[in-house]
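One-letter residues, chain by chain:
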Amino acid sequence: MVKYNIIDMERTPRIGHLIDALFDHMPEIEADRAVLLTESYKQTEGEPIVTRRAKAFAHICENLPIVIRDEELIVGSATKVARGCQVFPEYSFDWLEAEFDTVETRTADPFHISEETKKTLHEVYKYWGGRTTSELATSYMAPETLLAMKHNIFTPGNYFYNGIGHVTVNYGKVLKIGYRGIIEEAKAERAKYGFEHPEYASRTHFLDAVILSCEAAITYAKRYAKLAMDMADACTDAQRKKELLTIAMNCARVPENGAQSFYEACQSFWFIQMLLQIESSGHSISPGRFDQYMYPYYKADLEAGKISPVFAQELMDCIWVKLNDLNKVRDAASAEGFAGYSLFQNLIAGGQTPDGRDATNDLSFMCIQATKHVLLPMPSFSVRVWNGSPHEFLLKAAELTRTGVGLPAYYNDEVIIPSLLSRGIAIEDARNYNIIGCVEPQAPGKTDGWHDAAFFNMCRPLELVMNAGADKSGAEADGVQIGPKTPDVTTMKTFDEFFDAYKTQTNYMLKLLVNADNAIDMAHAERCPLPFQSCMVEDCIGRGKSLQNGGAIYNFTGPQGFGIANMTDALYAVKTLVFEQKKLTMAELKEAVEHNFGEDISDKMASLLTTKEIERLAAQGKPVSENTIKETFKRLKSQGNTSDFQRARYKKVRVLIDTVPKYGNDVEEVDNFAREVAYTYSRPMETFKNPRGGQYQAGLYPVSANVPLGAQTGATADGRLAFAPIADGVSPTAGKDTHGPTASCNSVSHLDHGIASNGTLFNMKFHPSALEGQAGLESFVALIRGYFDQKGSHVQFNVVSRETLIDAQKNPDKYKSLVVRVAGYSALFTTLSKSLQDDIINRTEQSRF
Amino acid sequence: MQTDNSIYNTRGRIFDIQKFSVHDGPGIRTIIFLKGCVLRCRWCCNPESQNWEIETMLQNGVKKVIGYETTVAEVMKTVLQDKPYYRRSGGGVTLSGGETLCQPEFARALFTACHENGVNTAIETTLCAEWDVIEPFLPLIDTFLVDIKHMDSEKHREFTTQPNELIHENIKKLAHAGANLIVRVPVIPTFNDTPKELHDIAVFAYEELGVREMHILPYHRLGYDKYIGLGRDYPMGDLPSPDKDKMEMLRRICASTGIICHIGG
């Protein structure tokens, strides 16, 4: 007796056509939303902000151009051209205006922008000066914070310049009662407030905004109903005509009302998903437990004989394609950090029910199948693994891994659920968790998690320790005191003294990070509350306030630290070589690090640093001659190395550092030390509070920022050269884990993944041969199980040969659809910048199967 | 793990420990490579395993010492690091070499320690030893991975330096004793890669030994650099590896006898 109906269904031709159409055009920037938003804002000056937001949303829903693309079964497009993007000037705009002429040719995530769009946006932008969240946030920040940000200690760029996103709304509720039901709920709630209520004004305005937003969503769908009807009238193909009529009927009924079929549920889901991304530019709007909230509709249709598994699969495949139709333009620097046009719409299958039973169902398998059918970066597909997960489910997931698409990511319930409980989340909600964006767990429909709130570069505080709080290394080195004045390292007598200095620098910088995030948080509450999003997260309606004002049941801010592996190896090398074995004095080490271990840096980097230094000299009114420039370049290029003798001395230090055991090789002492190093970030983090009444929680993952932020960081005492990438997530430094995948897993599992309740990220790369045959799949699943037994929280895999990647780098045209795992997500390899491509190629390839 | 027991102090000479191997016995395994071998197979891809003496080999231009003395306790420390993966995969430890049977006391102690710690055991052996040496291993080993290289003793001697009578006698005794046997055949062009040679081996394995499963392993040249690193000539010259089609053809021929035959471990 088989429990699950696992059918290896073929992909229908339609899906292939829809995918081809996605890649017909280069992604393009469209101005319609910005124009409509601005029109509305100009008419609502002086009204409460939440009202203005709802009116603007309504104006957009009523007027945004709509299209139904060829062969679509699920409709609703944010842009006229597939994979296009709208822009969101209410958050920030000047970066895009500055990049109008480069956005099409930049290396990471280029977008086409027409001259006409440039002109339109230029006009629109005139309104927005002084009105954005980013400007308000800046004015809320302490000067010390701005200084630390200028020096690249951390970057809250994500929310500083964009919407928040990073939410999983209560899809199930909308599927069930429709926006009409939510309107009724909001009206009932509104009726409770008498005129004398102290918060009458704010709450009723919020609830009115909710009602208006829901009506707008209904209007938007009805426009599609009409469009489909018109297209059906004009359609000569009988089959397509029938499809269009069904689409018209679907859009007339949902999302206004509760879905009455699986097809309606799919269409309703899609309107929710895309409209959330019209209201705000926040990414990581994560569908979450699709297999759970969609299952009742599938089951009912199946039992009633109203749907075939094949058609249900095709509908899901259509949704999977649509998730790739949405796009977002980011500034050039952020694009490097979130490379791959990714919107991080994380969808998860499997796991447990709120009452703790296994939740796997036929749709869980069909989610895997859909991902296999489309092989596209979206959705960021994840699976939950717990002690009771069916083996066949994991094998099916492993088959997907074997395709090399970098999906799914595997998550361990046995770590994540207790971790969420420790943050005050109720057991039923914790068991119901899903993943947001990259790797961030949360309770769906009840959380405003602010996951991804900032990147904190754990290497930078060590650079500050070496120079007693002054920035003398890295890309912004100007000798300015930006951190506390910790003691001169050359006078330190014990490692504890050194480690304490590291903690002192870190703690100070973390407080500034909190200062930055809280300033941004306030700016969003003040300027960009989101009534539409809020109405689908508990308990905004009950509390009468938006998510941005603290309406969610669970509130967090989750900034992520990265560089664990580098800091473990660096601090461990200092401990071993300088303080225990005394093979090296601190002065010798400091000198070698300052001189980049006797190595030059790239011309490109040297030019960049030279420009910055010359600008500083000019700003100070100092004379700058041709010769000054030449000398500066020479000095920076050589990193102050003047003789071969000197270089040899510094290189020897690096060789010595290389002999010290490294994180990632199952060396108990080193791995336990890594745990302590990770605590320097995660422990202070949990003591901070945000303005929404929630706490901070640490994440340990880098998205893809380990590459660009590495390029801001000087040499580190683990032997990492200046401006080289930093290790990704909690993974060992590339090339330093030399004892195979089990050793890497064992090392990584030594960290306390539970305290990093905003998620940890462990990247492994396998050669395809590693998963060959049934035995390969079985061993692969056993590896994941073994790692999870030891309380690892997350793991993901790149299964692609080094040769393939190198070839793809040389012949991008041949590999347009090659998907690789980047960090918490997969992306098209050829769309990544060269340096990120190199980083992926260089990550250790575990091929020893 | 108890270490006061004398078996944990037993000393032996190994040259490598390789984790996460899935081709040498069931599940995820740790392979211990023992130093010293009685055969000198021309195709051997681990030439550094052959001599008992500790030697140096150039690896990527760096001198590396091959072989070191260790104890069962030391080895077990490494072995037990991967216990979670053995448990999940049904894997364990495989002793390989070199020839494990050249260090019988150490190997027995290691296998005993594995079983004491609930770790599955396997051995990769030439079986080129007196039966008196082999017999005590019977209760200690869960899976025997045994080569049958050639049915013709003279050719066997020519390519491995040893005749096959003793080896085949031992295989029969093992089979008779009910040991869990997996037969493996390295497929070496010019040595044993004709359909007839493979077929003869399959018949012997299936009909005479009653073995259910055999693996045919294509010759590969991955050992080349090691010979050079040891300052030795590569005995196989420019001989190419058998291609996929050929291996598949040979697999079918073996399978035609009724035995289950896989390509690769």
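Residues numbered from 1 in each chain as written. Chains lettered and ligands numbered in written order. Predicted model: local features only at pLDDT ≥ 70, side-chain atom pairs only at ≥ 80, totals over all residues. Heavy atoms only, no water.

The subject of this paragraph is the overall build of chain A. Regarding its fold elements, chain A presents 34 helices and 15 strands. Here chain A has a C-alpha radius of gyration of 27 Å; the compact-globule value for 849 residues is 29 Å, and the two agree. Taken along the three principal axes of its C-alpha coordinates, chain A extends 80 × 65 × 55 Å. Taking all 849 residues of chain A together, 65% fall into the buried category. Pairs at least 24 residues apart make up 78% of the contacts formed inside chain A by residues separated by at least 6 positions. Carbon and sulfur atoms make up 54% of the accessible area of chain A, which totals about 28,500 Å². (Helix = DSSP H or I, 4+ residues; strand = E, 2+ residues; numbered from the N terminus. Rg over C-alpha atoms; globule rule 2.2 N^0.38 Å. Buried < 20%, exposed > 50% of the residue type's maximum accessible area, 1.4 Å probe, protein only. Contact = heavy atoms within 4.5 Å. Areas by Shrake-Rupley, 256 points an atom, 1.4 Å probe, with all protein chains shown as cover.)

All names here are of chain A. Taken as a whole and assessed by the stated rule, the structure comprises 66 salt bridges over all chains. The closest approach of N and O atoms between Arg-14 and Glu-314, which form a salt bridge, is 2.9 Å. In this pair, Arg-14 sits in helix 1 (residues 13-22) while Glu-314 sits in helix 15 (residues 309-322), placing the two residues 300 residues apart along the sequence. The exposure classification of Arg-14 matches that of Glu-314, with both residues buried. Asp-325 is the salt-bridge partner of Arg-69, the closest N and O atoms lying 2.8 Å from each other. Within this pair, whereas Arg-69 is found in the loop between helix 3 (49-63) and helix 4 (94-98), its partner Asp-325 is found in the loop between helix 15 and helix 16 (332-337), the two being separated by 256 residues in sequence. (Salt bridge = Lys/Arg side-chain N within 4 Å of Asp/Glu carboxyl O.)

Our focus in this paragraph is the pairing of strand 10 (residues 213-218) of chain B. Residues and elements named next belong to chain B. In terms of strand pairing, strand 9 (residues 181-187) meets strand 10 through five bridges, oriented parallel. Within strand 10, the position partnered with Pro-186 by the bridge is Leu-217. Viewed along the sheet, the connection from strand 9 through helix 7 (residues 195-208) into strand 10 turns out right-handed. Pairing of strand 10 with strand 11 (residues 260-263), which is carried by four bridges, proceeds in the parallel orientation. Opposite Glu-213, over in strand 11, you have Ile-260 as the bridge partner. (Pairing = 2+ DSSP bridges. Right-handed = clockwise from strand over helix to strand, strands pointing away.)

Residues and elements named next belong to chain A. Along the polypeptide, Thr-713 turns up in the loop between strand 10 (695-696) and helix 31 (740-748). Exposure remark for Thr-713: the relative accessible area of 0% places this residue in the buried category. The spatial distance from the C-alpha of Thr-713 to the C-alpha of Asn-152 is 8.3 Å, given a sequence separation of 561 residues. Sequence-distant contacts of Thr-713, defined by excluding residues within four places in its chain, comprise Asn-457, Cys-459, Arg-460, Glu-463, Gly-474, Arg-720, Ala-722, Phe-723 and Ile-726.

Now for the confidence of the model for chain B. Confidence along chain B averages 93 in pLDDT terms, with 98% of residues attaining 70 or more. On the interface metric, ipTM, the complex scores 0.89, and its pTM is 0.92. (pLDDT = per-residue confidence, 0-100.)

To continue, consider helix 5 (residues 153-160) of chain B. All names here are of chain B. For helix 5, the set of buried residues is Ser-153, His-156, Phe-159 and Thr-160. When helix 5 is viewed along its axis, its buried side chains cluster within an angular range of 135° and face the same direction. Those residues of helix 5 that are buried are in contact with helix 6 (165-176). Its side-chain oxygen 3.2 Å from the backbone nitrogen of Glu-154, Asp-152 forms the N-cap of helix 5. Once helix 5 finishes, Thr-161 follows within two positions and takes phi at roughly 75°, a positive value. (Arc of directions from axis to C-beta. Polar contact = N/O pair within 3.5 Å; in protein donor to acceptor, adjacent residues only side chain to side chain.)

This next bit is on the nonpolar core. Formed by 266 residues in total, the largest nonpolar core has its most connected members in Phe-262, Tyr-410, Phe-498 and Leu-589 of chain A. The dominant element in this core, judged by the number of residues it contributes, is helix 10 (residues 200-234) of chain A, at 15 residues. What Tyr-410 of chain A contacts, discounting residues up to four positions off in sequence, is Val-383, Val-385, Ala-397, Ala-398, Thr-401, Phe-780, Ile-784, Phe-788, Ser-793, His-794, Val-795 and Phe-797 of chain A. Core analysis: the next-biggest nonpolar cluster, separate from the first, contains 69 residues, Cys-114, Ala-129, Leu-181 and Phe-191 of chain B among them. (Core = buried A, V, L, I, M, F, W, Y, C linked by side-chain atoms within 4.5 Å.)

What follows deals with the sheet that holds strand 7 (residues 120-125) of chain B. Residues and elements named next belong to chain B. Strands sit in the order 5-1-2-6-7-8-9-10-11 across an open sheet of nine strands; the sheet is mixed. Looking at strand neighbours, the two that pair on one side only are strand 5 (68-71) and strand 11, the edges of this open sheet. Across the sheet, the axes of successive neighbouring strands diverge by a mean angle of 30°, strand direction being ignored. Where strand 8 (residues 143-147) lies against strand 9, four bridges are found, and the strand directions are parallel. Across the sheet, the residue bridging to Val-146 is Val-183, located in strand 9. Sitting on the sheet, helix 1 (residues 72-81) is in contact with strand 1 (11-21), strand 2 (29-34), strand 5 and strand 6 (92-96), with an inclination near 80° to strand 5. (Axes fitted to C-alpha atoms, helices over the stretch in contact; angles between N-to-C directions.)

Let us look at the interface of chain A and chain B. Quoted interface sizes are often the accessible area lost when the parts come together. On the side of chain B, 14 residues touch chain A, which itself brings 19 residues to the contact. Counting across the interface, chain A meets chain B through three salt bridges. The partner of Arg-88 of chain B in a salt bridge is Asp-789 of chain A, with the nearest N and O atoms 2.8 Å apart. The interface formed by chain A and chain B holds eight residue pairs in polar contact (both at pLDDT 80 or more) in total. Elements that contribute at least two residues to the side of chain A that touches chain B include exactly helix 31 and helix 32 (773-789) of chain A.

Another point: the packing of helix 26 (residues 586-594) of chain A against helix 29 (residues 644-658) of chain A. Residue and element names in this part refer to chain A. Between helix 26 and helix 29, whose axes approach to 9 Å, the crossing angle comes to 105°. Here helix 29 runs roughly perpendicular to helix 26, going by the angle between their axes. Of the residues in helix 29, those in contact with Leu-589, Glu-591 and Ala-592 of helix 26 are Arg-649, Tyr-650, Val-653 and Ile-657. By residue class, the composition of the contact of helix 26 with helix 29 is five nonpolar, no polar and two charged. (Parallel < 35°, antiparallel > 145°, perpendicular 65-115°, else oblique. Nonpolar A, V, L, I, M, F, W, Y, C, P; charged D, E, K, R; others polar.)

We now examine the packing of aromatic side chains. Residue and element names in this part refer to chain A. By the definition in use, this model includes 45 aromatic pairs over all chains. Ring centres of Tyr-41 and Trp-128 lie 4.8 Å apart, and the angle between their planes is 55°; on these two criteria the pair is classed as tilted. One end of the pair, Tyr-41, is in helix 2 (residues 32-43); the other, Trp-128, is in helix 5 (residues 115-128), and 87 residues separate them in sequence. This pair shows no difference in class: Tyr-41 is buried, exactly as Trp-128 is. With centroids separated by 6.2 Å and ring planes inclined at 65°, the aromatic side chains of Phe-495 and Phe-579 adopt a geometry described as edge-to-face. Note that Phe-495 is positioned in helix 22 (residues 495-527) and Phe-579 in helix 25 (residues 564-580), a separation of 84 residues in sequence. The exposure classification of Phe-495 matches that of Phe-579, with both residues buried. Aromatic rings pair up to connect Phe-495, Phe-498, Phe-499, Tyr-502, Tyr-572, Phe-579 and Phe-673 into one cluster. The residue whose ring lies beneath Arg-83 is Tyr-341, and the NZ or CZ to ring-centre distance is 5.6 Å. Note that Arg-683 overlies the ring of Tyr-679, its terminal NZ or CZ placed 3.7 Å from the centroid. (Phe/Tyr/Trp six-rings, centres within 6.5 Å; stacked < 30°, edge-to-face > 60°. Lys NZ or Arg CZ within 6 Å of the ring centre and 35° of its normal.)

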